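Remarks on the overall topology
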Amino acid sequence: MMILNAAIDPVAISLGPLSVRWYGIIILTGMILGYVLANRETIKKGLPEDLFMDLMMYIIIFSLIGARLYYVFFNLDHYFFNPLDIIKVWEGGMAIHGGLIGGFLAGIIYTRVKGYSFFQVADIAAPSILLGQAIGRWGNFINQEAHGGPVAREFLENLMIPEFIIHMNIDGTYYHPTFLYESVWSIIGVIILFIIRAKLPLGHTVLVYLIYYSVGRFFIEGMRTDSLMIGDMLRTAQVISVITIIAAIAIMIYRQQKYDLPKYGAVYGNYAAKDEPKHNKKSSTVVNKKKKRKK
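One structure accompanies this document, and this report is about it. Just so you know, these numbers come straight off a predicted model, no measurement behind them. (Residues numbered from 1 in each chain as written. Predicted model: local features only at pLDDT ≥ 70, side-chain atom pairs only at ≥ 80, totals over all residues. Heavy atoms only, no water.)

1. Remarks on a nonpolar patch on the surface
Together, Met57, Tyr58, Ile61, Ile65 and Leu69 line one region of the surface with nonpolar side chains, adding up to about 470 Å² of accessible area. Secondary-structure assignment places isoleucine 61 in helix α2 (residues 51-73). (Patch = residues over 30% accessible without salt bridge, like charges linked within 9 Å, V, L, I, M, F, W, Y side chains within 5 Å. Areas by Shrake-Rupley, 256 points an atom, 1.4 Å probe, with all protein chains shown as cover. Salt bridge = Lys/Arg side-chain N within 4 Å of Asp/Glu carboxyl O. Helix = DSSP H or I, 4+ residues; strand = E, 2+ residues; numbered from the N terminus.)

Printed below as a string of structure tokens:
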């Protein structure tokens, strides 16, 4: 039996047989705030105002499918013999790495079809994605999940975290609030991305995001007690994090060597992928700069 001393009911609204859970509301809130953030940057960069409104629909669909399929894939021992359980998403079983894979796939397809630069759009979206992850982790707090191993109350008090978090316990036991660790790590990451984005080469912001998030997730995942596993020894999220870090660094080096990349802060308008200049080749039409505003 789970006991939440803070007395937060996971169900926010009940309408007959239907119920709206706080987890869903929190996830939706993160998506909305992330969209607002990305949309403001889109307008600032001189891109179509409806770009992310249109893109969000595909990202949500692909992310939900990806999050579920990822979880199912790493739990095939259960779902192979219970295939109907695959559609029972209300019972839980969504993985953030799967959601990210689905979301990035949607972004790649959308930008290619619409004629945008994937890396330009991804750079705009990177802080929003991390903000959404920071907010979404609080859904785990409501559900009393994604926590670490048991700790003493004194340990939590020494962290100087809010009392309502300390008061959360399961069957009278306190646990590492790993959801909080990841949320704080993500918020710090959002601030860092805002500070350095303008000075980074185009396409590097999203790669820095992938590296930063993966480093934090690797260490935080090591504390959790509910990790998806590969065999008996390897935590899936840690393996994926290592692969992501290596891949992001490799792509960063490759793009730096192959292209004469402009700084993100210098790019305005649609920097289409097909217009990216080759290394050591001059191009006067690659970067669409805004006319200087009259002061």
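2. A closer look at the pattern of salt bridges
According to the stated counting rule, one finds 9 salt bridges in the structure shown. A salt bridge links arginine 153 to glutamate 163; the nearest nitrogen and oxygen atoms lie 2.6 Å apart. You can see arginine 153 sitting in helix α6 (residues 153-158) and its partner glutamate 163 sitting in helix α7 (residues 163-166), a full 10 residues away along the chain. A relative accessible area of 23% means that arginine 153 is categorised as partly exposed. A salt bridge links glutamate 221 to arginine 224; its shortest N-O distance comes to 3.7 Å. Taking relative accessible area as the criterion, glutamate 221 reaches 2% and is therefore assigned buried. A relative accessible area of 11% means that arginine 224 is categorised as buried. Taken together, the shared-partner salt bridges connect Arg137, Glu182, Arg217, Glu221, Arg224 and Asp226 into one network. (Buried < 20%, exposed > 50% of the residue type's maximum accessible area, 1.4 Å probe, protein only.)

3. Some details on the packing of aromatic side chains
In this structure the tally under the stated criterion is 15 aromatic pairs. Taking the centre distance of 5.1 Å and the plane angle of 80° together, the rings of tryptophan 138 and phenylalanine 179 count as edge-to-face. Taken together, the residues span a long stretch of sequence, with tryptophan 138 in helix α5 (residues 118-143) and phenylalanine 179 in helix α8 (residues 178-196) at a distance of 41 residues. With relative accessibility at 24%, the residue tryptophan 138 sits in the partly exposed group. Ring centres 4.2 Å apart and planes at 5° place the aromatic pair tryptophan 185 and tyrosine 212 in the stacked group. With tryptophan 185 in helix α8 and tyrosine 212 in helix α9 (residues 204-221), this pair connects stretches of sequence that are 27 residues apart. Grouped by ring-pair contacts, the aromatic residues Trp138, Phe141, Phe164 and Phe179 constitute a single cluster. Above the ring of phenylalanine 119, the side-chain terminus of arginine 255 is found at 3.8 Å from the ring centroid. (Phe/Tyr/Trp six-rings, centres within 6.5 Å; stacked < 30°, edge-to-face > 60°. Lys NZ or Arg CZ within 6 Å of the ring centre and 35° of its normal.)

4. Brief notes about α2
Over its 23 residues, α2 extends 32 Å from the first C-alpha to the last, a length consistent with the 33 Å expected when each residue adds 1.5 Å. Of all the residues in α2, the buried ones are Leu51, Phe52, Leu55, Met56, Ser63, Gly66, Ala67, Arg68, Tyr70 and Val72. In the core, the buried residues of α2 are packed alongside α1 (22-44), α3 (76-79), α4 (96-114), α5 and α10 (236-258). (Expected span 1.5 Å × (residues − 1). Contact = heavy atoms within 4.5 Å.)

5. A look at unusual backbone geometry
Here glutamine 144, not a glycine, exhibits a phi torsion of approximately 55°, which is positive. With respect to the helices and strands, the residue glutamine 144 is situated in the loop between α5 and β3 (150-151). Positive phi, normally seen in glycine, also occurs at methionine 160, with a value near 55°. You can see methionine 160 is positioned in the loop between α6 and α7.

6. Brief notes about the pairing of strand β1 (residues 11-15)
Along any regular strand, the residues point their side chains to alternate faces of the sheet. With 4 bridges connecting them, β1 and strand β2 (residues 18-21) associate as antiparallel partners. Counted as the bridge partner of leucine 15 is leucine 18 from β2. Linkage of β1 to β2, two consecutive antiparallel strands, is achieved through a turn of 2 residues, within which glycine 16 is found at a positive phi near 65°. (Pairing = 2+ DSSP bridges.)

7. With respect to the side chain of histidine 204
As for its placement among the helices and strands, histidine 204 is situated in helix α9. A distance of 3.5 Å separates a polar atom in the side chain of histidine 204 from a polar atom in the side chain of glutamine 256. Beyond its immediate chain neighbours, meaning those up to four positions away, histidine 204 contacts Asp123, Met252, Gln256 and Leu261. (Polar contact = N/O pair within 3.5 Å; in protein donor to acceptor, adjacent residues only side chain to side chain.)

8. A short note on the packing of α1 against α2
Working note: a packed helix pair is described by the angle between its axes plus the distance between those axes. Axis separation between α1 and α2 bottoms out at 9 Å; the angle between their running directions is 145°. α1 and α2 meet at a crossing whose hand is right-handed. Here α1 contributes Met31, Tyr35, Ala38 and Thr42 to the contact with α2, which in turn contributes Leu51, Phe52, Met53, Met56 and Ile60. Split into classes, the residues belonging to the contact of α1 with α2 amount to 8 nonpolar, 1 polar and no charged. (Axes fitted to C-alpha atoms, helices over the stretch in contact; angles between N-to-C directions. Left-handed = near helix turned anticlockwise from the far one by under 90°. Nonpolar A, V, L, I, M, F, W, Y, C, P; charged D, E, K, R; others polar.)

9. Examining the environment of valine 190
Summarising the element assignment, valine 190 is placed in helix α8. In contact with valine 190, other than residues within four places in its own chain, are Pro127, Leu130 and Leu131.

10. Some details on the nonpolar core
Leu130, Val206 and Tyr209 are the most contacted members of the largest nonpolar core, which totals 33 residues. Sorting elements by how many residues they give to this core places α5 first, with 9 residues. For valine 206, the residues in contact, after removing those within four places along its chain, are Phe104, Phe119, Ala122, Asp123 and Ala126. Grouped together as the second largest cluster of nonpolar side chains are 16 residues, Leu51, Leu55, Met56 and Tyr116 included. (Core = buried A, V, L, I, M, F, W, Y, C linked by side-chain atoms within 4.5 Å.)

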